[in-house]
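One letter stands for each residue in the lines below.
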Amino acid sequence: MNLKKLSLTAVVAMSVSMSASANESIKFYNWSDYIAPDTLSNFEKESGLPVTYDVFDSNEVLEAKLMAGGSGFDLVVPGSQFLGRQIMAGVFLELDRDKLPHYKNLDPGLMKVLSEVDPGNRYGIPYLWGTTGIGYNVEQVKKALGDDAPVNSWDLIFKPENLEKLASCGVALLDAPSEILPIALNYLGKNPNSMEKGDYRRDAELGQLLSAIRPSISYFHSSKYINDLANGDICVAVGWSGDILQGATRAEEAGNGVKVAYSIPKEGTAVWFDMLAIPSDTSQPDKAHKLLDYLLQAEVIAGVSNYVAYANGNKASLPLIDTAITSDETIYPSEEVQAKLFSLKVMPKKIDRVSTRLWTDFKANR
């Protein structure tokens, strides 16, 4: 281009445009309460690249934005079962491992498991993982159900007579049908990843189970329960392991007398993996890879795990994680507990439709 033929105004405008492009922030879309306070500020200082951070609280919200196209995000964090479906829809960019020198830090065994939803591990990298279980206010549950309250069993939630006694102190459920429904199916002795449409009918066992407990549920939300447990505003929540442990820490720091505990029910529950992936419509793949590789550094992801109390998929980070976390079997479950955990699979559209209908009716108490 011959700049001599351009007016001064045009040159200045082009210069500003190029500068803006060079300083365009990396758009990172992550779950609520899911990163250490200094993670991104440290990255910005080290790389000189600004980051715009936004949060969501359900896989369904993220998926809607990705599937609509033009999400505007450069790095996102879908659950592994959603990642598998989104890969098939072509919404992610294949990762360039030459731009990820810290890829070597990942746990090979975990990567093999994740290859079931991401063949060849071409599109996603594990960020954090955990279980979905029961968070509860120790004293309030004991007051409502006695010393023998079944806090280590899904009976606490799915037996209507138990939940009815807890309703007065507040019960919250994740607004996440992709997790609550499989957990309920497993409790009923069925395949948690059932592909049978009949299992999702309102008059089937699952529908009847949900209808029976609905009157005792205070609300459905995928992040509000953290502070509500910590403040004593609710006494039970079906939620994610790290979130509930964060609630326990906040209660302890507040010195408000609230003791929050987390249990993985003896019947088994869902184990999930949240993945880092780059949307295929990103306008800055190189920058996205830089942030992704930064999060692959052992000391960086260890700092995240230490703050949010979730396990991560970075084998090299284990020696850097607080022993209080690595020795906590609600975060890193024992082999005996792991044997009863199940992963969540990609559901076909025919199941999505019927399960969504059932969930909508459940929330609306129809």
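If you're wondering where the values come from, they're calculated on a predicted model, not measured in any experiment. (Residues numbered from 1 in each chain as written. Predicted model: local features only at pLDDT ≥ 70, side-chain atom pairs only at ≥ 80, totals over all residues. Heavy atoms only, no water.)

A. Seen up close, the overall build of the chain. Check the secondary structure of the chain and you find 17 helices and 11 strands. For the chain, whose C-alpha radius of gyration is 22 Å, the value lies close to the compact-globule estimate of 21 Å for 366 residues. Expressed as a percentage of its 366 residues, the buried residues of the chain come to 53%. Pairs at least 24 apart in sequence give 73% of the contacts found in the chain among residues at least 6 apart. Carbon and sulfur atoms provide 50% of the accessible area of the chain, an area that totals close to 16500 Å². In the chain, 35 side chains carry a positive charge and 46 a negative one; their mean positions are 6 Å apart. (Helix = DSSP H or I, 4+ residues; strand = E, 2+ residues; numbered from the N terminus. Rg over C-alpha atoms; globule rule 2.2 N^0.38 Å. Buried < 20%, exposed > 50% of the residue type's maximum accessible area, 1.4 Å probe, protein only. Contact = heavy atoms within 4.5 Å. Areas by Shrake-Rupley, 256 points an atom, 1.4 Å probe, with all protein chains shown as cover. Lys, Arg positive; Asp, Glu negative; His and termini not counted. Charge placed at Lys NZ, Arg CZ, Asp CG, Glu CD.)

B. How the structure looks around the state of the cysteines. Inspection of the entire model under this criterion finds 1 disulfide. Covalent S-S linkage joins Cys169 and Cys235, the inter-sulfur distance amounting to 2.0 Å. Around the S-S axis, the bridge from Cys169 to Cys235 shows a dihedral of about 60° and counts as right-handed. Separated by 66 residues along the polypeptide, Cys169 in the loop between helix H8 (160-166) and strand E5 (171-173) and Cys235 in the loop between helix H11 (225-231) and strand E7 (236-240) bring together distant segments of the chain. For the pair formed by Cys169 and Cys235, the shared burial category is buried. (Disulfide = S-S within 2.5 Å.)

C. How the structure looks around the pattern of salt bridges. Scanning all chains against the criterion turns up 15 salt bridges. Its salt-bridge partner being Asp175, residue Lys363 comes within 3.0 Å of it at the nearest N-O pair. Remark: Asp175 occurs in the loop between E5 and helix H9 (177-187) and Lys363 occurs in helix H17 (residues 349-364); sequence separation between them is 188 residues. In this structure Lys363 comes out as partly exposed when scored by relative accessible area, which is 30%. Classification of Asp175 by relative accessible area gives partly exposed; the value is 25%. (Salt bridge = Lys/Arg side-chain N within 4 Å of Asp/Glu carboxyl O.)

D. Highlighting the packing of aromatic side chains. Taken as a whole and judged by the stated rule, the model has 16 aromatic pairs. Plain terms: the ring middles of Trp154 and Phe158 are 5.7 Å apart, the flat faces sit at 40° to each other, and that makes the pair tilted. Given a relative accessible area of 0%, Trp154 falls into the buried group. The class for Phe158 is buried, based on a relative accessible area of 4%. (Phe/Tyr/Trp six-rings, centres within 6.5 Å; stacked < 30°, edge-to-face > 60°.)

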